[in-house]
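Breakdown of the fold
As a plain string of letters, each chain reads:
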Amino acid sequence: MKIFILKRCLYGLFTVWFIATATFFAMHNVPGNPLNDEKATSAEIRKNLEARYGLDKPLYQQYLIFLTNMAKGDFGISFTQKNRSVNDIIKAHFPVSAALGFLAIFFAGVGGVLFGALAAHYKNRWPDYLLIALVVITISVPSFVFAALFQLALVNLNLYFDIKLLPIAGWGSVQHMLAPSLILGLGTLAYLTRLMRSSLLEIENAPYIKTAKAKGLSESRIFFRHRLRNAVLPLVTVLGPAIAAITTGGFVVESIFAIPGLGKYFVEAVHQLDYTLIMGTTVFYGSYLVLMVLLVDILYGFVDPRIRMS
Amino acid sequence: MALLRIEDLNVLFKSENSDKSVHAVKGLSLELKAGECLAIVGESGCGKSTVLSSVLRLLAVNAKQSGNIFFKNENITTLSEKELQKIRGKEIAMIFQDPMSSLNPTMKIGEQIAEALKDVKNFSAVDKHSKVIEFLKMTGLSDPEIRAKQYPFELSGGMLQRVAIAMALAGEPCLIMADEPTTALDVSIQKQVLNILKHLQQQHQLALLLVTHDLGIVAEMADSVLVMYAGELVEQASVEKILKEPKHPYTLALLASLPAFSKDASKTELSSIEGQPPDLSLPIPACAFVDRCEYAMNVCASRKAPIIENKQSLLRCWLPHKEQV
Amino acid sequence: MQSADSINTFSSEDFLPLKQVKESVINQNESLDYWQGSWKKLRANPRAMLSLIFIVSLVSFSLFGPLLWRVDPARQDLNQLSQAPSMNKQAIVVDTFISWQPENLFGDQGIKHLSILSPAHTSSVKLRWPINPEADYYEIYRHEYQPSGENDFGLPLAETSKEENFYEDRLNLEPQTYFYTVLARDGEGKLLAYETIETGLEIAVSKKDAEKHLQAGKWKKVSEHEGVLRVELSSHPMGTDYLGRDMMARLMEGGRTSLIIALIASLLFVAVGSLYGALAAYIGGQTDNIMMRFADFVIALPFLLFMILLKVSFGIRPGESGIGVMVFSLVILSWPGAARLIRSQVLVLREQNFILSARINGAGVLHILWKHLFPNVLSLILISLSFAIPSVILTEAFLSFIGLGVVPPTPSWGSMCQEGIKTFLFHPHELVFPSVFIGVTVLAFNLLGDGLRDAFDVKAE
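Per-chain numbering applies: the sequence of each chain, read as written, is numbered from 1 onward. Each chain takes a letter, starting from A, and each ligand takes a number, starting from 1, following the order in which they are written. Totals for whole chains, interfaces and linings use all residues, but because this is a predicted model, local features are given only for residues with pLDDT of at least 70 and pairs of side-chain atoms are given and counted only at 80 or more.

1. A look at the overall build of chain B
Each helix is a run of DSSP H or I of at least 4 residues and each strand a run of E of at least 2, with the numbering of both proceeding from the N terminus. Assigned secondary structure in chain B consists of eleven helices and twelve strands. Compactness check: chain B gives a C-alpha radius of gyration of 21 Å against a globular reference of 20 Å for 325 residues, within 12% of the reference. Exposure is read from a count of other C-beta atoms within 10 Å of each residue's own; the residue is exposed at 12 or fewer, buried at 20 or more and partly exposed in between. C-beta atoms are placed from the backbone. For chain B, with 325 residues in total, the buried portion stands at 45%. Throughout, a pair of residues is in contact if the C-beta atoms placed from their backbones lie within 7 Å. Pairs at least 24 residues apart make up 64% of the contacts formed inside chain B by residues separated by at least 6 positions. With the radius of gyration taken over C-alpha atoms, the globule rule is written as 2.2 Å times the number of residues to the power 0.38.

2. Looking at unusual backbone geometry
All names here are of chain B. Notably, K72 is not glycine yet its phi reads approximately 50 degrees, a positive angle. Locating K72 in the fold gives a position in the loop between β4 (63-71) and β5 (74-75). The residue N73 is not glycine, and still its phi comes out positive at about 65 degrees. According to the C-beta neighbour criterion, N73 is exposed, with 9 such atoms within 10 Å.

3. A few points about the interface of chain A and chain C
Interfaces are often sized by the amount of accessible area the parts lose when they come together. Each partner contributes residues to the interface: chain A has 34 residues there, and chain C has 32 residues. Elements with a minimum of two residues in the side of chain A that touches chain C: α1 (2-28), α5 (126-140), α6 (143-161), α10 (239-256), α11 (262-271) and α12 (275-303) of chain A. Looking at which element gives the most residues to the side of chain A that touches chain C, the answer is α1 of chain A, with seven residues. The residue makeup of the side of chain A that touches chain C, split by class, is 25 nonpolar, nine polar and no charged. Charged residues are taken to be Asp, Glu, Lys and Arg, nonpolar residues to be Ala, Val, Leu, Ile, Met, Phe, Trp, Tyr, Cys and Pro, and polar residues to be all remaining types, Gly included.

4. Considering the sheet that holds strand β5 (residues 158-161) of chain C
All names here are of chain C. By this definition, two strands are paired if DSSP reports at least two bridges between them. The strand order across the open sheet formed by four strands is β5-β4-β7-β8, and the pairing between neighbours is antiparallel. Single-partner strands in this sheet number two, and they are β5 and β8 (191-200). The mean angle between the axes of side-by-side strands here comes to 20 degrees, regardless of whether they run parallel or antiparallel. Two strands pair when backbone bridges link them, and strand β7 (residues 177-185) and β8 are joined in this way by nine bridges, in the antiparallel orientation. Of the residues in β8, the one forming a bridge with Y180 is I197. Each axis is a line fitted through C-alpha atoms, and for a helix only the stretch in contact is used; angles between axes span 0 to 180 degrees, taken between their N-to-C directions.

5. Quick word on the pairing of strand β1 (residues 90-94) of chain C
Residue and element names in this part refer to chain C. Extensive coverage of β1 is indicated by the burial of four of its five residues. Note: β1 against strand β11 (residues 228-232), three bridges, orientation antiparallel. Pairing of A91 across the sheet is with V231, part of β11. Both β1 and strand β9 (residues 203-206) contribute to a ladder of four bridges, which runs parallel. Looking at the pairing, V93 lines up with V205 of β9.

6. Structural notes on the confidence of the model for chain B
Per-residue confidence from the predictor is reported as pLDDT, which spans 0 to 100. On average, residues of chain B score 85 in pLDDT, and 94% of them reach the 70 mark or higher. Interface confidence for the predicted complex, given as ipTM, is 0.88, next to a pTM of 0.80.

7. Remarks on the environment of I146 of chain B
If you trace the backbone, I146 of chain B turns up in helix α5 (residues 144-148). Taking the C-alpha atoms as reference, I146 of chain B lies 16 Å from Q161 of chain B; in sequence the two are 15 residues apart.

8. Quick notes on helix α4 (residues 247-283) of chain C
Because the α-helix completes a turn every 3.6 residues, residues three or four places apart line up on one side. All names here are of chain C. With 37 residues, α4 should cover 54 Å at 1.5 Å per step; its first-to-last C-alpha distance of 52 Å lies within 8% of that length. Of all 37 residues that make up α4, 27 are buried, and the element is covered over most of its length. Once α4 finishes, G284 follows within two positions and takes phi at roughly 70 degrees, a positive value. Any helix carries an expected span of 1.5 Å times its number of residues minus one.

Below you can see the structure in the form of structure tokens.
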């Protein structure tokens, strides 16, 4: 198990390096190289940039400086905002995105297992068909449409009951988090529902379920100890990509619901061509996602003995 | 008195996406006395495993079974699912073909055996553990303490089948049904597992219902043999009679395909049965074997032969074979 | 089951050896070749066929639609902004602003109830009401729904003095139904009485516009009655957007953008990935190992982040679409999926005899790849293509929605959604149409992919 974790960590580290390198060279590919363009920034920022990124030095040295800074956890300074470091921005806005993301994953996980189990239980009867239809619709329609529809529904509900059931947008309380995180997790929820259903149905005919039945176990024991447990395992494997999808999905949801998260900030940074901020947040996001995937991998090792031992 | 009696068992599998249905078992009857070993023999797909599964009502949802099954003189086809759970494992236990897939991959072996223990609710954790070890020891598995804490994928096929046997014993049943218990194992391991099974059967006075296509196993284990073809009984007799005086052309052909039983041991070429068993979803001629039978007569295609009982042997054929092997 | 026959019914014939045609029971299925069989299976799958038909009609809609629906997707119909879907909409032609002459309107003049001077249209609504002798001033309210009582009025549209018992509303009028309420209040602001009236508004167009369009033949004259001219406006079967552009024309044009991006990008990255995977598997050994490690790294790149990053990297500034760069980025970031899939298939094929014999006969690598491997992985390629297209469509929509993909004025379904959401609460059709197009297209390609997978009998990974 130790070797397994060590291997995964090393692989994760390599991936982060790859992401950082790709980011660095992508940014230096920008035509006219605004990082070295004297006109693009104010003199004060210019001075900071030069000191921080070694812009007067040759490319390979800039690359080394960049890597060293990243390794130290220093993601750079803003290109357009005076005296603002990327770390400050991340510190201020990332917790919001992370909270939203984790709640979304929670909704997706719980909902996926629950609805998947329901669909499998009612296999080929109307609740199953209904759930499958919903899943297919959810996967096919972009998330921002649901966000818009959800907001419309909230407006009307709030009007109808004449009370504020849930806030329509904004940030600050738990109520503010509910609607956006549900929307954010919706796609993953649908995907997990489908996966859970098929995985439960596949296991339904597994020989070891027949063995369990032949042992005289009760239906509930067979379901919870044998079927459900094994059916949930494949769900853990897709948790990594799901976290990535949810994190980047935050770009849309945060701007629709006016949530001051890092996603919204990243999109704004791109609109303002804040190159250094883009570079820093990309590497940060990339490392965060790699870390999440790593954690999921290790978690999977813990829940599935077959992975742990090999 | 028979421990298990099956009367006129029929099993029909409905296909999910067409109205075709497969008549897998047709009007099968059999009896098994306590402590006796009955082997059901036939090619794969002839319905022999289905018979075992239908005893404990373990067939897939698309299967429809009819007929009566008496266990200790009680008709267990009329029992509710709850009542049947008391019989499964505790009175009648089962061993499956592939030990690798028939054990839960994510559950420790000890836990899986403990689940099967008789009166498991009355045991403390320590008692449970010692019971599990006891049953594992019975099967001659080395280091049972370690094995109990391992997962199925850490053990070899032969070890796993011993685990499966221990699991079957754990419920202290009086009948074990074994569905091709050695097919998935290496030839060298097959023998060991069979010996354990035989030893335990004799030691615990267990009745054994053994499904196999391997006549070698039959010769070693069984007291009597039931030969099935296309879901039907074609011949049943004591093991000596079947091996020495097979009456049905199909039994004869099965024997001829085995090296040890081949008529002429000097012949290097083994005979095989030409053709394939019939598709059970299509209408079948009066005798299902007619297409592959060397001795087929006109009547075989037009009329079904009745089952004839003669000195505790059963036979369904218009032309019983006389020759001795 | 046959009943037990009596022995007497047997004849000696019965016991003669049977001579029969042996194959009667054996496999009767005719054997079809692989492609024919797969096509037959696909045809038997109603969902897949429906999807295929839909996809074909969608492509025709986008490609050939503009030939039939000759409306410029960029033209703004200022008389019909944010119109809901409608055909043959009529409008009333009004003179450019002529102020209402209220002099002769003061006083009672025998008016008994709140009334609206006909015709009421989007240029002006004229209200009159009886004088309330105790009133100090009047409040005029406009609602889109019938107000339920005194507490349901909200903010007034206007106030008039006690002498003015008339009002002309010219404020942001839309061709819809309004409820006007007039309140009479005394000096302390106490409510004395109120009255509500409902009215539907006609679209008003200016005389100048009408003359121009009538001449151009875009509008038709409907009636001229007591000096009031009514015309039929240009039709917008799917409505217009907030700038008055025809939604149907834009959906066609947007569909072309979205589908072209999706088709080209998918074709390219599936092709690149397949070639890469096939080469890796075919060469094998350490090269294969290194090649696939590299693919793993590319997969590990956070996809959407790098789509955005690459856009910036190639100097596409905010407000530029950069479709070429988008396709390029999609290819660069998406090929490893197809590469993995094809590689695993080629690894299996490589060991088979027909490949070995071709190698022994001295066939070149490319020859073997093209002649022997390609036909055998074509089914896999088709399947991955069918799943790649919807994912690209969704990616394009996502990026365009946050303003980092196709940006206005170029329409794509995604950018139309982005514009549509601004007016979504009041004019839902501007978001609903493009998102339905996206949804149904994605659904159709996915169902087709499922169908292909079943037809080719490939196990889902």
